Amino acid sequence: MGELEDAVMTRVWKWNRPVTVREVLEDLQKERSIAYTTVMTVLDNLHQKGWVRREAEGRAYRYEAVSTRAAYAAALMNDAWSQSDNAAAALVAFFGMMSEEQRQALTDAVRIVQLPESPAGENPGSAEDGSGR
């Protein structure tokens, strides 16, 4: 995704609702000079790439994100990692670039993914499992 596409998608993700070209244009114009047709072209390109869906509203469209920014970031990381000829080395290098906050987020994410699934309605460590805790 290019810089302008990212700027447009940032607004679509942030607002988390169907948006018009005019809304995106007006917000972008707070930071830069940009034409209506440029924003319209960018949103059309994002639609063609599958990042947004659109619904006609009169003579215009309302655009809405197909997935979350987190899903987009995950896809980028997965794509970059899959292109490496040494996945372990790529991960070590990536972890070495992380800030302490990012490492903590990674630790939290790994903990969440590794949580054992318990039968429906049971809470590990509860009185129901017989542990007496």
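Conventions and cut-offs
Residues numbered from 1 in each chain as written. Predicted model: local features only at pLDDT ≥ 70, side-chain atom pairs only at ≥ 80, totals over all residues. Heavy atoms only, no water. Axes fitted to C-alpha atoms, helices over the stretch in contact; angles between N-to-C directions. Helix = DSSP H or I, 4+ residues; strand = E, 2+ residues; numbered from the N terminus. Parallel < 35°, antiparallel > 145°, perpendicular 65-115°, else oblique. Left-handed = near helix turned anticlockwise from the far one by under 90°. Contact = heavy atoms within 4.5 Å. Nonpolar A, V, L, I, M, F, W, Y, C, P; charged D, E, K, R; others polar. 1 Å grid on protein atoms, 1.4 Å probe; cavity = no way out; pocket = protein on both sides within 12 Å on 5 of 7 lines; lining within 4 Å. Points joined across faces, edges and corners; volume = space filled by probe spheres on them. Salt bridge = Lys/Arg side-chain N within 4 Å of Asp/Glu carboxyl O. Buried < 20%, exposed > 50% of the residue type's maximum accessible area, 1.4 Å probe, protein only.

1. Quick word on the packing of helix 1 (residues 3–15) against helix 2 (residues 21–28)
- Where helix 1 contacts helix 2, the axes come no closer than 10 Å and their chain directions differ by 110°. With respect to helix 2, the element helix 1 is oriented roughly perpendicular. As helix 1 runs across helix 2, the sense of the crossing is right-handed. Every residue of helix 2 that contacts helix 1 at Ala 7, Val 8, Arg 11, Lys 14 and Trp 15 is listed here: Glu 23, Val 24, Asp 27 and Leu 28.
- Taken together, the residues of the contact of helix 1 with helix 2 break down into five nonpolar, no polar and four charged.

2. Some remarks on the layout of surface pockets
- Quantified by volume, the largest pocket comes out at close to 260 Å³.
- Lining the largest pocket we find Met 77, Asn 78, Ala 80, Trp 81, Ala 90, Leu 91, Phe 94 and Phe 95.
- Contributing elements (two or more residues each) for the lining of the largest pocket: helix 4 (69–82) and helix 5 (87–97).
- The residue makeup of the lining of the largest pocket, split by class, is seven nonpolar, one polar and no charged.

3. Topic: the pattern of salt bridges
- Enumeration according to the criterion identifies 13 salt bridges in this entry.
- Across the salt bridge formed by Glu 3 and Arg 32, the nearest N and O atoms sit 2.9 Å from each other. Here Arg 32 lies in the loop between helix 2 and helix 3 (36–48) and Glu 3 lies in helix 1, a separation of 29 residues in the sequence.
- Judged by relative accessible area, which is 54%, Glu 3 ranks as exposed.
- Of the charged contacts, one joins Glu 23 and Arg 62 as a salt bridge, the two residues approaching to 3.6 Å between their closest N and O atoms. Of the two residues, Glu 23 sits in helix 2 while Arg 62 sits in strand 2 (residues 60–65), which places them 39 residues apart along the sequence.
- You can call Glu 23 partly exposed: its relative accessible area is 24%.
- Exposure remark for Arg 62: the relative accessible area of 25% places this residue in the partly exposed category.
- What you see here is one network of salt bridges that share partners, running through Arg 11, Asp 27, Lys 30 and Glu 31.

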